[in-house]
Amino acid sequence: MLDPHDIELPRKILIGRGVIKSVGEVAKSLGLSGKAYVLLGRTGYNLAAKDALDSLTACGFDVVDDGDKDEEGLLKRVFEAKPDFVVSVGGGTTIDLGKYAAFRLGVPFISVPTAASHDGIASPMVSLKILKTPYSIKAKPPMAIIADVSVIINAPHRLLASGCGDVLAKLTAVRDWRLAHMLKNEYYGEYAASLAEMSARLVMKNARLIGAHKEEGVRVVIEALVSCGVAMCIAGSSRPCSGSEHLFSHALDTIAPTPALHGEQCGVGTIMMAYLHGIDWRKIKKVLKVIGAPTTAKELGIEDEFIIRALVEAHRIRPRYTILGDTGLTWEAAEKLARVTEVIE
Ligand SMILES: [Zn+2]
């Protein structure tokens, strides 16, 4: 038991077509006022950003928008501006930057994802290069999440497939959590674990719709990612969503010269960790293929050697007990694991 168990959740989640035009109204309905600092993603001032900015202005907010690529400079300006709340309109890094800035300033954050590429869109966690940890740290969950299906459906399929890898990762993450509970008496929350697992099952069930990039499929992925974020809010940590497969992905980020997307690496990690857990790794691999996500080192664009090294190093990334144990895999065992699951040839 975590005692007291303090759960902080998002207050408003809006998923649908055209909802990006209601960012201002949502902020107003949550009692926000004054200055809104809006962080824009890599694509900068696009149609989605315009809709979000216009709706904030129309609702009488004092709006500042900023699409700088330099993370440090951008954070500095947000801190100096002292906004009453922060809004991120963009992908993973933009969401995390806004979430982190709002957390540091102690003001509310509104998450407006333009892609469904990972579960940070609704979670209390942030992962940023400038924080200098290879894994995510805890901040606060967004006060509101506004996920416009008509915007997200236009993002490249690769990003959606990556989001699915991040959701399927929950199959092994939850098993790692249970293991840590049984072997190390770590706190385990059945409710958060079930929610994370259910999200993965729903993505598996809808793999064809997702693979075909159908709107119903896109909605399933958005809802699954939001549910995973909520599962982390309930657990009070990233435990239900991040296990050995994430350690593998974080290790690859530090080892591989050109890492793939977070969710893509997690998906491949899930195949291998599922094998270690004795669950149906073939099925996970098949689902990832149907979705159009990478399942091999070659498809990740990463050399075999880095895959093996990441497997060997993964347990050292952070103190988090998983199927990799306290001492991790030997080189030979790691190579065998990657080969038997056909991640390397
Ligand atoms: Zn993740």
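Residues numbered from 1 in each chain as written. Predicted model: local features only at pLDDT ≥ 70, side-chain atom pairs only at ≥ 80, totals over all residues. Heavy atoms only, no water.

Trainee: Can you help me understand the packing of aromatic side chains in this one?
Mentor: Geometry of an aromatic ring pair is reported as the spacing of the ring centres plus the angle between the planes. Within the structure shown, the criterion is met by four aromatic pairs. When the centroid spacing of 6.2 Å and the interplanar angle of 65° are considered together, the rings of Trp177 and Tyr187 count as edge-to-face. With Trp177 in helix α7 (residues 170–184) and Tyr187 in the loop between α7 and α8 (190–205), this residue pair connects regions lying ten residues apart in the sequence. Relative accessible area serves as the criterion here: at 1%, Trp177 is assigned to the buried category. We classify Tyr187 as buried; its relative accessible area is 19%. Aromatic side chains Trp177 and Tyr188 sit 4.9 Å apart centroid to centroid with 65° between the ring planes, which places their arrangement in the edge-to-face category. Taken together, the residues span a long stretch of sequence, with Trp177 in helix α7 and Tyr188 in the loop between α7 and α8 at a distance of eleven residues. Here Trp177 matches Tyr188 in class, with each residue buried. Through a chain of ring-to-ring contacts, three or more aromatic side chains come together here, namely Trp177, Tyr187 and Tyr188. (Phe/Tyr/Trp six-rings, centres within 6.5 Å; stacked < 30°, edge-to-face > 60°. Helix = DSSP H or I, 4+ residues; strand = E, 2+ residues; numbered from the N terminus. Buried < 20%, exposed > 50% of the residue type's maximum accessible area, 1.4 Å probe, protein only.)

Trainee: So what exactly am I meant to see when it comes to the coordination of the zinc ion here?
Mentor: Note on metal sites: the ideal angle is 109.5 degrees for four tetrahedral donors, and 90 or 180 degrees for six octahedral donors. Only Asp166 (OD), His246 (NE2) and His262 (NE2) from the protein reach the zinc ion as donors, at distances of 2.1 to 2.2 Å. Binding-site remark: the zinc ion is held by donors from one chain whose sequence spacing is D-x79-H-x15-H. A residue pair is termed long-range when its members are at least 10 positions apart, and His246 in helix α11 (residues 244–255) and His262 in helix α12 (residues 262–277) qualify at 16 residues. Exposure remark for His246: the relative accessible area of 4% places this residue in the buried category. (Donors = N, O, S within 2.8 Å, 3.2 Å for Na, K, Ca; no water.)

Trainee: Explain the packing of α8 against helix α10 (residues 215–235) to me, please; I cannot follow it from the model alone.
Mentor: For any two helices packed against each other, one specifies the inter-axial angle together with the distance between the axes. Running from amino to carboxyl end, α8 crosses α10 at an angle of 165°, the nearest separation of the two axes being 8 Å. As far as their axial angle goes, α10 and α8 are roughly antiparallel. For α8 against α10, the interelement crossing comes out left-handed. Each of Tyr191, Ala192, Leu195, Ala196, Ser199, Leu202 and Val203 in α8 lies in contact with α10, whose residues at this interface are Val220, Ala224, Ser227, Cys228, Val230, Ala231, Ile234 and Ala235. Here the contact of α8 with α10 is composed, by residue class, of 13 nonpolar, two polar and no charged. (Axes fitted to C-alpha atoms, helices over the stretch in contact; angles between N-to-C directions. Parallel < 35°, antiparallel > 145°, perpendicular 65-115°, else oblique. Left-handed = near helix turned anticlockwise from the far one by under 90°. Contact = heavy atoms within 4.5 Å. Nonpolar A, V, L, I, M, F, W, Y, C, P; charged D, E, K, R; others polar.)

Trainee: When you look at the side chain of Asp96 in this model, what are you seeing that I'm missing?
Mentor: Inspection of the secondary structure puts Asp96 in helix α4 (residues 92–105). According to the relative accessible area criterion, Asp96 is buried, its value standing at 4%. Setting aside anything within four residues of it in sequence, one finds Asp96 in contact with His118, Met125, Val126, Ser127 and Leu128.

Trainee: Would you mind going over the packing of helix α6 (residues 157–168) against α7 with me for this structure?
Mentor: The N-to-C vectors of α6 and α7 enclose an angle of 25°; their axes lie 5 Å apart at closest approach. The orientation of α6 relative to α7 falls into the category roughly parallel. Residue-level inspection shows Asp166, Val167 and Leu168 of α6 in contact with α7, the latter providing Lys170, Leu171 and Thr172.

Trainee: Help me understand the sheet that holds strand β2 (residues 35–40), please; the structure alone is not making it clear to me.
Mentor: In a beta sheet, neighbouring strands pair by backbone hydrogen bonds and run either parallel or antiparallel. Spatial ordering of the open sheet is given by β1-β8-β5-β4-β2-β3, a layout of six strands whose pairing is parallel. Taken across any chain shown, the strands that pair with only one partner, and hence form the sheet edges, are β1 (12–16) and β3 (62–66). Neighbouring strand axes in the sheet, compared pairwise and without regard to direction, differ in orientation by 15° on average. Relative to strand β4 (residues 85–90), β2 runs parallel, the two sharing five bridges. If you follow Leu40 over to β4, its bridge partner there is Val89. Each of β2, β4 and β5 (109–113) is contacted by α4, which is oriented at about 175° to β4, the strand it contacts most. Strand contacts of α10: β1 and β8 (144–148), with the helix running at about 165° to β1, the strand carrying the most contacts. (Pairing = 2+ DSSP bridges.)

Trainee: Quick question: what am I supposed to make of the pattern of salt bridges here?
Mentor: Two side chains carrying opposite charge are able to pair once their charged atoms lie near each other. In the structure shown here, the tally under the stated rule is 18 salt bridges. For the salt bridge of Asp326 with Lys184, the shortest nitrogen-to-oxygen distance reads 3.4 Å. With Asp326 in the loop between α15 (304–313) and α16 (331–340) and Lys184 in helix α7, this residue pair connects regions lying 142 residues apart in the sequence. What you see here is one network of salt bridges that share partners, running through Arg17, Glu215 and Arg219. (Salt bridge = Lys/Arg side-chain N within 4 Å of Asp/Glu carboxyl O.)

Trainee: Can you walk me through α6 in this structure?
Mentor: Think of an α-helix as 3.6 residues a turn; residues three or four steps apart then line up on the same face. Between its terminal C-alpha atoms α6 stretches 17 Å, which fits the 16 Å expected from twelve residues at 1.5 Å a residue. Most of α6 is tucked away, with nine of its twelve residues classed as buried. Residues Leu160, Ala161, Ser162, Gly163, Cys164, Gly165, Asp166, Val167 and Leu168 constitute the buried set of α6. (Expected span 1.5 Å × (residues − 1).)

Take it as geometry only, folks, not as evidence of what the structure does.
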